[in-house]
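# Working through the structure, step by step
These are the residues of each chain, in order.
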Amino acid sequence: MAKVKTTYFCQNCGSQYPKWQGQCSSCKQWNSIVEEVVQKMEKKAWKSTTTVKNRVSKPLRVQDIDASEEARLNTYDAEFNRVLGGGIVPGSLILLGGEPGIGKSTLLLQVSLNLPYKTLYVSGEESQKQIKMRAQRINANNEMCYILTETKTQHIFKQIEVLEPEVVIIDSIQTLHSDYIETSAGSVSQIKECTTELIKFAKETATPVLLIGHITKDGHIAGPKILEHMVDTVLQFEGDRNHVFRILRAHKNRFGSTNELGIYEMQGSGLREVSNPSDILISKKDEELSGNAVAVTLEGMRPLLIEVQALVSTAVYGTPQRSATGFNAKRLNMLLAVLEKRAGFRLGAKDVFLNITGGINVDDPAIDLAVVAAILSSNEDEAIQKDYCFAGEVGLSGEIRPVQRVEQRILEAEKLGFATIFVSKYNKISVKNTNIKIQLVSKIEDVAGHLMV
Ligand code: TYD
Ligand code: MG
């Protein structure tokens, strides 16, 4: 009998050790190292089909390589296609991560119900009945979508051989379990083994495989980091569970750009694509309220207008409170320090609360100017005109710095009926004959001067 081979893995970060130790040296987590049997018997996972058995790779000139067969599968979901770079590439492995309850299963079930190809949706988390109930909510009828509830990879491959699906969806990789490894599902070596088997299957049959992956509490995909290296595409589904908007981003994409972004709205009947996000994210109210400012941000390649709300009030306790939702709290503190120094606002004695509406997390620095404007407006209790919008980064000395693709932002703001956009004086702007007034500012003081008249 072959000797049973074991190794120690950190369940948090996936580092491997020859013997047990109390703390993981790479992620510093305590008590996370567990012994796992890495190989129980000889490997014989996905069996190669006869056609590819004796395939030997030969070097080819780049121009001789036939790329025409890489025609992508259209998912009939404009946002999903966009994020993937135009559709699913045959034979690719796509990993979709996201917080529990954010809608990963809903998204992929919806995609499989819309696909005009034979699709196998394998779930290790829900029963066929539960999935049927979900499918009824989404209200799609598709004769080519098969549901399988199974967690053992060998059984899944058996079913795949019979059914011959054109697309395989796995919900989720952490529930899969391979016979060749003895540890429980979700452990580092199981995830690695199951993914390897699926990659082998995907590459040899040119069948795309979409995996759902759980994430850890700090937002990384659970399991070894190597999982992200193994797959071709890593998508992240994010959003605030209390809000309806969900954002789909590509963190890695071997077949397209990672700049693209898909926006969905979670409704009672599944996810709806949002093609005009700016229109929805800014409230069209008649009254002008103090502390509100509209930022023209760029999410991926798409301009997105977002409302920023600030509330500045006198601090009751000794240390003023600062809190930000959807915005980096450190950056907020920095902006407040700049305001204090450059614009003479005594914010040290004030509580400041900041909120980006829609539950969206923004990391485009162009939002700074709107944040500053909202804080100034709330501090003075003077409303900003509701047809003003802002796009600029604020530097440490209070200068307004240029932002990328400013023309695109200006055109989007104009399209949505804004009358004035505040941008940095240092931006090179080539658009002419616009109906929108382009207000150039170079310092925070200029902005304050324009707003407080
Ligand atoms: P789910 O796809 O189960 O999340 P995940 O797989 O990421 O854990 O999403 C569950 C949430 O979505 C749940 O809170 C209910 C909500 N939902 C809707 O609002 N409308 C719908 O049509 C569906 C199917 C789910
Ligand atoms: Mg799920």
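What you see is a predicted model, and the numbers here were worked out from it, not measured in a lab.

### So, the overall build of the chain
Secondary structure assignment for the chain yields 12 helices and 21 strands. Dimensions along the principal axes, computed over C-alpha positions, put the chain at roughly 85 × 55 × 50 Å. The buried share among the 453 residues of the chain stands at 48%. Taking contacts inside the chain between residues at least 6 apart in sequence as the whole, the part at least 24 apart equals 65%. A total accessible area of about 22400 Å² is found for the chain, and carbon and sulfur atoms account for 49% of it.

### So, the nonpolar core
Residues Val-308, Val-371, Ile-375 and Phe-390 are the most contacted members of the largest nonpolar core, which totals 46 residues. Here this core takes eight residues from helix α10 (residues 368-380), the largest share from any one element. The two domains that each donate at least three residues to this core are domain 2 (73-275) and domain 3 (280-451). If near-sequence neighbours (up to four positions away) are discounted, Val-308 is found in contact with Gly-291, Asn-292, Ala-293, Ala-295, Leu-354, Asn-355, Ile-356, Ile-367, Ala-370, Val-371 and Ala-374.

### Considering helix α6 (residues 188-205)
The terminal C-alpha atoms of α6, which comprises 18 residues, lie 26 Å apart, in line with the 26 Å expected from a rise of 1.5 Å per residue. Here α6 lies mainly inside the structure; 13 of its 18 residues are buried. A positive phi of about 60° marks Ala-206, the residue just after α6.

### A look at the site of ligand 1
Every one of the 15 residues lining ligand 1 counts as a neighbour, but Gly-101, Ser-105, Thr-106, Gln-267 and Gly-270 are closest to it. Here Ser-105 contributes a side-chain N or O atom positioned 2.5 Å from an oxygen atom of ligand 1. At a separation of 2.6 Å, a nitrogen atom of ligand 1 approaches a polar backbone atom of Gln-267. Isolated, ligand 1 exposes 560 Å² of accessible area, and the fraction of that covered by the protein chains is 75%. Sorting the residues of the shell around ligand 1 by element identifies α3 (104-114), α4 (128-138) and β11 (261-267) as the ones contributing at least two each. Classifying every residue of the shell around ligand 1 by side-chain character gives three nonpolar, eight polar and four charged.

### Structural notes on the environment of Arg-82
With respect to the helices and strands, Arg-82 occurs in helix α2 (residues 78-84). Look at Arg-82 and you get partly exposed, because its relative accessible area is 27%. As a C-alpha pair, Arg-82 and Gly-326 span 244 residues in sequence and 24 Å in three-dimensional space. Look past the residues within four positions of Arg-82 in its chain and what remains in contact with it is Glu-260, Leu-261 and Arg-302. Within the structure, Arg-82 has its side chain in polar contact with the side chain of Glu-79 (distance 2.9 Å).

### As for empty space enclosed by the protein
On inspection of all chains with the given rule, the structure shows one cavity of 30 Å³ or more. The space that makes up the largest cavity amounts to roughly 40 Å³. Around the largest cavity sit Arg-72, Leu-84, Gly-87, Ile-88, Val-89, Ser-92, Ile-94, Thr-233, Asn-253 and Phe-255, which together line it. Here the residues of the lining of the largest cavity are counted per class, giving five nonpolar, four polar and one charged.

### Topic: the sheet that holds strand β6 (residues 145-149)
Strand pairing in a sheet relies on backbone hydrogen bonds. The paired strands run either parallel or antiparallel. As summarised here, the arrangement of the nine strands in space is β6-β5-β7-β8-β4-β9-β10-β11-β12, forming an open sheet in which the pairing is mixed. Each end of this open sheet is capped by a strand with a single partner; those strands are β6 and β12 (270-273). Here the strands of the sheet are splayed against their neighbours by 25° on average, with no regard to which way each runs. In this fold α4 packs onto β5 (119-123), β6 and β12, with an angle of close to 145° to the strand it touches most, β6.

### As for the confidence of the model for the chain
Caution applies to low-pLDDT parts of the model: their predicted coordinates are not meant to be read in detail. Mean pLDDT for the chain: 86, with 93% of residues reaching 70 or above. Low confidence marks residues 50-54, where pLDDT is under 50. Its contacts with residues over four positions away, or in another chain, come to one contact.

### With respect to the packing of helix α9 (residues 329-342) against α10
The geometry of α9 relative to α10 is characterised by a closest axis approach of 11 Å and an angle of 60° between their N-to-C directions. As far as their axial angle goes, α10 and α9 are oblique. α9 and α10 meet at a crossing whose hand is right-handed. Facing α9, whose interface residues are Arg-331, Leu-332, Leu-335, Leu-336 and Leu-339, α10 presents Asp-368, Val-371, Val-372, Ile-375 and Leu-376. Class assignment for the residues of the contact of α9 with α10 results in eight nonpolar, no polar and two charged.

### Some points on the pairing of strand β1 (residues 5-10)
Inspection of the sheet shows β1 paired to strand β2 (residues 16-17) by two bridges, in the antiparallel sense. Bridge assignment links Tyr-8 to a residue of β2, and that residue is Tyr-17. In this structure, the hairpin formed by β1 and β2 is closed by a connection of five residues, where Gly-14 is found at a positive phi of approximately 90°.

### Notes on the domain arrangement of the chain
As far as domains go, the chain holds domain 1 (1-39), domain 2 (73-275) and domain 3 (280-451). A C-alpha centroid distance of 48 Å is found between domain 1 and domain 3.

### Topic: the pattern of salt bridges
One pass over the full model with this rule turns up 13 salt bridges. A salt bridge links Asp-64 to Arg-61, with the shortest nitrogen-to-oxygen separation between them at 3.2 Å. Since its relative accessible area comes to 41%, Asp-64 is described here as partly exposed. Using a relative accessible area of 56% as the deciding quantity, one classes Arg-61 as exposed. For the salt bridge of Asp-232 with Lys-203, the shortest nitrogen-to-oxygen distance reads 2.8 Å. Taken together, the residues span a long stretch of sequence, with Asp-232 in the loop between α7 (226-230) and β9 (233-239) and Lys-203 in helix α6 at a distance of 29 residues. Exposure remark for Asp-232: the relative accessible area of 2% places this residue in the buried category. Linked by salt bridges that have partners in common, Lys-203, Asp-232 and Arg-254 make up one network.

Conventions we followed
- Residues numbered from 1 in each chain as written.
- Chains lettered and ligands numbered in written order.
- Predicted model: local features only at pLDDT ≥ 70, side-chain atom pairs only at ≥ 80, totals over all residues.
- Heavy atoms only, no water.
- Helix = DSSP H or I, 4+ residues; strand = E, 2+ residues; numbered from the N terminus.
- Buried < 20%, exposed > 50% of the residue type's maximum accessible area, 1.4 Å probe, protein only.
- Contact = heavy atoms within 4.5 Å.
- Areas by Shrake-Rupley, 256 points an atom, 1.4 Å probe, with all protein chains shown as cover.
- Core = buried A, V, L, I, M, F, W, Y, C linked by side-chain atoms within 4.5 Å.
- Domains from an automatic or database assignment.
- Expected span 1.5 Å × (residues − 1).
- Near = heavy atom within 4 Å.
- Polar contact = N/O pair within 3.5 Å; in protein donor to acceptor, adjacent residues only side chain to side chain.
- Nonpolar A, V, L, I, M, F, W, Y, C, P; charged D, E, K, R; others polar.
- 1 Å grid on protein atoms, 1.4 Å probe; cavity = no way out; pocket = protein on both sides within 12 Å on 5 of 7 lines; lining within 4 Å.
- Points joined across faces, edges and corners; volume = space filled by probe spheres on them.
- Pairing = 2+ DSSP bridges.
- Axes fitted to C-alpha atoms, helices over the stretch in contact; angles between N-to-C directions.
- pLDDT = per-residue confidence, 0-100.
- Parallel < 35°, antiparallel > 145°, perpendicular 65-115°, else oblique.
- Left-handed = near helix turned anticlockwise from the far one by under 90°.
- Salt bridge = Lys/Arg side-chain N within 4 Å of Asp/Glu carboxyl O.

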